[in-house]
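Coordinate analysis (summary)
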Amino acid sequence: MGSSEMITINTHIKISTAIIETVVKNAKQMAGADEKGRYRVDTAEKLNELISRFLETRNFAEYVNDIRNY
């Protein structure tokens, strides 16, 4: 399967609350608090970035190409 154009999709996935808590904690840590102690980070977008990077680096294209995974 060759490289192809990327598109953004909206979907529903099951993910543990522990993973969500970790993403929020780490995203806030990376962003840091402003002068009023508030964190300005889109944790949903950060989760999107992490999942997208995971799928790309773990060769999701090869995974979906294998009919045994269905």
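You'll find the structure just up there.
Right, let's walk through the structure included here.

Cut-offs and rules
- Along each chain, residues carry numbers from 1 onward, in the same order as the chain's sequence is written.
- Note on the predicted model: pLDDT of at least 70 is required for a residue's local features to be given, and 80 or more for side-chain atom pairs to be given and counted; whole-chain, interface and lining totals, by contrast, use all residues.
- Side-chain measures were taken over the full set of non-hydrogen atoms in the model, leaving aside hydrogen atoms and water.
- Without a salt bridge and with relative accessible area above 30%, a residue can belong to a patch; like charges are then joined within 9 Å and nonpolar side chains (Val, Leu, Ile, Met, Phe, Trp, Tyr) within 5 Å.
- A 1.4 Å probe and the Shrake-Rupley method give the accessible areas. Residues count as covered only by the protein chains that appear here.
- One speaks of a salt bridge when a side-chain nitrogen belonging to Lys or Arg is within 4 Å of a carboxyl oxygen belonging to Asp or Glu.
- Helix and strand assignments come from DSSP, with helices taken as H or I runs of at least 4 residues and strands as E runs of at least 2, each series counted from the N terminus.
- For a helix, the expected span equals 1.5 Å multiplied by the number of residues minus one.
- For Phe, Tyr and Trp, rings pair up if their centres lie within 6.5 Å, where Trp contributes its six-membered ring, and each pair is then called stacked (planes under 30 degrees apart), edge-to-face (over 60) or tilted (otherwise).
- Relative accessible area decides the class of each residue, using a 1.4 Å probe on protein chains only: under 20% of the type maximum gives buried, over 50% gives exposed, and in between gives partly exposed.
- For the purposes of these results, a polar contact is taken to be a pair of N or O atoms within 3.5 Å, where, inside protein, one atom must be able to donate a hydrogen and its partner to accept one; residues adjacent in sequence count only when each atom of the pair is a side-chain atom.

Brief notes about a nonpolar patch on the surface
Together, Ile 13, Ile 15, Ile 19 and Ile 20 line one region of the surface with nonpolar side chains, adding up to about 310 Å² of accessible area. By the element assignment, Ile 19 lies in helix H1 (residues 17–31).

So, H1
The end-to-end C-alpha separation of H1 is 21 Å, in line with the 21 Å expected for 15 residues at 1.5 Å each. One or two residues past the end of H1 sits Gly 32, with phi positive at roughly 75 degrees.

Regarding the packing of aromatic side chains
Applying the stated criterion across every chain yields a total of one aromatic pair. Ring geometry for Phe 60 against Tyr 63: centres 6.0 Å apart, planes inclined by 20 degrees, an arrangement best described as stacked. Taken together, the residues Phe 60 and Tyr 63, both in helix H3 (residues 60–65) and three residues apart, mark about one turn of the helix. Judged by relative accessible area, Tyr 63 falls into the partly exposed class, the value being 45%.

Examining the pattern of salt bridges
Tallied over the full model, the rule gives four salt bridges. Between Arg 38 and Asp 34 there is a salt bridge whose closest N-O contact spans 3.8 Å. Owing to a relative accessible area of 40%, Arg 38 belongs among the partly exposed residues under this scheme. A relative accessible area of 22% means that Asp 34 is categorised as partly exposed. A salt bridge links Asp 66 to Arg 68, with the nearest nitrogen and oxygen atoms 2.7 Å apart. In this structure Arg 68 comes out as exposed when scored by relative accessible area, which is 69%. Ionic contacts of the salt-bridge type, sharing partners, join the residues Asp 34, Arg 38 and Arg 40 into one network.

Considering helix H2 (residues 43–57)
Think of an α-helix as turning once every 3.6 residues; residues three or four places apart then point the same way. Between the first and last C-alpha of H2 there are 21 Å, a value that for 15 residues agrees with the 21 Å anticipated at 1.5 Å per step. Between the side-chain oxygen of the N-cap and the backbone nitrogen of Ala 44 there are 3.2 Å, and the N-cap of H2 in question is Asp 42. Trailing H2 by a residue or two, Asn 59 shows a phi angle of about 60 degrees, which is positive.

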